[in-house]
Amino acid sequence: MSIEKYKWLNDIYIDINFKNLPHGIIINGPSGIGKNILANKICESIIINPSENSSRDHMSLIHNNSHPDMYVLDKDKLGVNDISRRKESKNWDDEKGFRDVISFLNLTPSIAKNKVALIHNADLMTNEAQNALLKSLEEPASFSYIIMTTNRPRSLNQTIYSRCQLINIKNLSPEGVNNWLSNEGITEYTAMDFPSFATPFNILEDIQNNNQNSYKDFVILIDKFTSNKVDQVQVLKDLNDIDIGFIEKINYLIEFLKILLKSRLTGSGLSGTYKEFNKTNFNKLKISNIIDELNNLRFDFYSVSSINETHVMNYFLSQLKISIKQ
């Protein structure tokens, strides 16, 4: 997948100084912004010397995830054994060593000048795993590099950040989204059809899965609920029928409330899907407090073992009913 196709990623890539590259890099950005594309391109540049005749062979091995000097860690949970496995472990690979990051990086390169470990979703590392990674970041071998991707800012320990270069990928502007859609041959939708936090690849996935109207459907349901056209039991059932996860529902609700609040603070009218809410009365402080609660919930979601979605949605729907009157 050529990075040149994605201007917002290519602009970041061409600014990277590979002659003075730190041994630890964190690439942060929302899901669907293209972190993996940028991370893979950086890994390729660390491993491949374009002047060598073998560069094509290196590229083929990387694309097949079989390059002996590149280790990719991509799991839903990252524990200490993923970073530093005990020597008595039987999980030994003749080319990559123990199947953990540190054991891999401690081996000298096999066929390239450098070695690189790519850790996807590094924000899912436990504290023990992060502590285990610190030594490799504090005292890296001259040939070893660690590239990490995170979906959430400030999600790692400060000691990790202090030893890495941080690359933040910001979401595209509405104009950027529209250009992206046009380049992908999509003309029937624009940025206005999606929430402001929607990222290019998530938008594309929604369109491909016929979920492009999920946010509009969500706002319409909230309108029906606050105008007493459906009761709370029914709106909960209808929300569950929208094909989105719990955090996405929280994100949708925050987006909706921010737009509602902004319209009142700026004195501007609402249009499109939101136009019915021009008729509503609400307490701006209450709406602001609900947004704060939702943001806190979103943060806590990643640090607690389980959250009862029905209970949470019931609570916030009740708060909306109290706060928004039509």
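In the block above lies the structure referred to throughout.
All of the points below concern the structure found in this document. Within any chain, residue numbers begin from 1 and follow the written order of that chain's sequence. Residue-level local features of this predicted model are given only where pLDDT is at least 70; pairs of side-chain atoms are given and counted only at 80 or more, and the full residue set underlies all totals for whole chains, interfaces and linings. Excluding hydrogens and water, the side-chain values take into account all heavy atoms of the structure.

What follows concerns empty space enclosed by the protein. Residues are called lining when one of their atoms sits within 4 Å of a cavity or pocket point, these points coming from a 1 Å grid over the protein atoms alone, where a cavity is a set in which a 1.4 Å probe fits but cannot get out and a pocket is an open set with protein on both sides within 12 Å along at least five of seven lines. Grid points are joined across faces, edges and corners, and a volume is the space filled by probe spheres set on the points. Taken as a whole, this structure holds one cavity of 30 Å³ or more when the rule is applied. Its volume calculated, the largest cavity comes out at about 30 Å³. In terms of lining, the largest cavity is formed by Leu236, Asn240, Lys249, Glu309, Thr310 and Met313. If you list the elements that add at least two residues to the lining of the largest cavity, you get helix H11 (232-241) and helix H14 (309-323). Residue classes in the lining of the largest cavity are distributed as two nonpolar, two polar and two charged. Only DSSP runs of H or I with at least four residues qualify as helices, and only runs of E with at least two residues qualify as strands; both kinds are numbered from the N terminus onward. Any residue outside Ala, Val, Leu, Ile, Met, Phe, Trp, Tyr, Cys, Pro, Asp, Glu, Lys and Arg is labelled polar, Gly included; the first ten of those are nonpolar and the last four are charged.

Another aspect to go through is the pattern of salt bridges. By definition, a salt bridge exists where a carboxyl oxygen of Asp or Glu is found within 4 Å of a side-chain nitrogen of Lys or Arg. Taken as a whole, this structure holds nine salt bridges when the rule is applied. In this structure, the salt-bridge partner of aspartate 123 is arginine 152, at a minimum N-O distance of 3.3 Å. Separated by 29 residues along the polypeptide, aspartate 123 in the loop between strand E5 (115-119) and helix H6 (127-138) and arginine 152 in the loop between strand E6 (144-150) and helix H7 (158-161) bring together distant segments of the chain. Like arginine 152, aspartate 123 is buried. With a shortest N-O distance of 3.0 Å, lysine 279 and glutamate 276 are connected by a salt bridge. Buried means the residue's accessible area, taken with a 1.4 Å probe over protein chains only, is under 20% of the maximum for its type, while exposed means over 50%, and partly exposed covers the values in between. On the accessibility criterion, glutamate 276 (27% relative accessible area) is partly exposed.

Taken in spatial order, the five strands line up as E2-E5-E6-E1-E7 in an open sheet, and their pairing is parallel. Edge positions in the sheet fall to strand E2 (70-73) and strand E7 (165-168), since each of these pairs with one other strand and no more. Each adjacent strand pair in this sheet contributes to an overall mean axis angle of 15 degrees, direction not counted. In this sheet, E7 lies alongside strand E1 (residues 24-28) in parallel orientation, the contact comprising four bridges. Bridging from a neighbouring strand, isoleucine 27 pairs with isoleucine 167 of E7. Any two strands with at least two DSSP-identified bridges between them are counted as paired. Under this scheme, a helix contributes an axis fitted over its contacting stretch, all axes are lines through C-alpha atoms, and angles between N-to-C directions fall in the 0 to 180 degree range.

Centres within 6.5 Å are what make two rings of Phe, Tyr or Trp a pair, Trp counting through its six-membered ring; a difference in plane orientation under 30 degrees is then read as stacked, over 60 as edge-to-face, and the rest as tilted. One pass over the full model with this rule turns up 16 aromatic pairs. Measuring from centroid to centroid gives 6.4 Å for tyrosine 189 and phenylalanine 194, while their planes differ by 65 degrees, and the two rings are edge-to-face. The same class applies to tyrosine 189 as to phenylalanine 194, namely buried. Clustering of aromatic rings is evident, with ring pairs tying together Phe197, Tyr215, Phe218, Tyr252 and Tyr274. Its guanidinium or amino end placed over the ring of phenylalanine 104, lysine 115 lies 3.9 Å from that ring's centre, counting from NZ or CZ. One Lys or Arg, lysine 321, reaches over the ring of phenylalanine 225 and ends 4.4 Å from the middle of that ring. We call a charge positioned over a ring when the NZ of a Lys or the CZ of an Arg lies within 6 Å of the ring centre and within 35 degrees of the ring normal.

Turning our attention to the layout of surface pockets. Of the volumes computed, that of the second largest pocket is approximately 660 Å³. With five residues, the single largest contributor to the lining of the second largest pocket is helix H12 (residues 246-266). Per-class residue counts for the lining of the second largest pocket are 14 nonpolar, eight polar and five charged.

Attention now moves to the nonpolar core. Each nonpolar core is a collection of buried residues, namely Ala, Val, Leu, Ile, Met, Phe, Trp, Tyr and Cys, held together in the definition by side-chain atoms within 4.5 Å. In terms of nonpolar packing, the biggest core is built from 39 residues, with Trp8, Leu9, Ile27, Leu38, Ile42, Val116 and Ile147 touching the most fellow members. Listed by contribution, the elements that provide at least two residues to this core are helix H1 (7-14), E1, helix H2 (35-47), E5, E6, helix H8 (174-183) and helix H9 (200-208). With seven residues, H2 is the largest single contributor of residues to this core. The contact definition used throughout considers only heavy atoms, calling two residues in contact when any of these lie within 4.5 Å. In this view, isoleucine 27 contacts Lys35, Leu38, Ala39, Ile42, Ile147, Met148, Thr149, Thr150, Ile167 and Ile169; residues no more than four positions away in its chain are not counted.

So, on to the environment of threonine 150. The topology assignment puts threonine 150 in strand E6. In the structure, threonine 150 is positioned 176 residues away from glutamine 326 in sequence and 41 Å away in space, judged by C-alpha atoms.

On to the side chain of asparagine 114. Tracing the backbone shows asparagine 114 in the loop between helix H5 (101-106) and E5. Overall, asparagine 114 belongs to the buried group, its relative accessible area being 13%. Throughout this description, a polar contact denotes any pair of N or O atoms lying within 3.5 Å of each other; where both atoms belong to protein, one of them has to be capable of donating a hydrogen while the other can accept it, and for residues adjacent in sequence the pair is counted only when both atoms sit in side chains. At 3.0 Å, the side chain of asparagine 114 and the backbone oxygen of isoleucine 46 are in polar contact. For asparagine 114, the residues in contact, after removing those within four places along its chain, are Ile46, Ile47, Asp69, Pro109, Ser142, Phe143 and Tyr145.

A pair of cysteine sulfur atoms is labelled a disulfide when the two atoms are within 2.5 Å. According to the stated counting rule, one finds zero disulfides in the structure shown. Cysteine cysteine 43 shares no disulfide, and the gap to the nearest cysteine sulfur, in cysteine 164, comes to 13 Å.

Bringing unusual backbone geometry into the picture now. The phi dihedral of asparagine 121 falls on the positive side, at around 55 degrees, and the residue is not glycine. The phi torsion at asparagine 228 lies on the positive side, around 65 degrees, for a residue other than glycine. Looking at the element boundaries, asparagine 228 is found in the loop between helix H10 (214-226) and H11. According to the relative accessible area criterion, asparagine 228 is exposed, its value standing at 58%.

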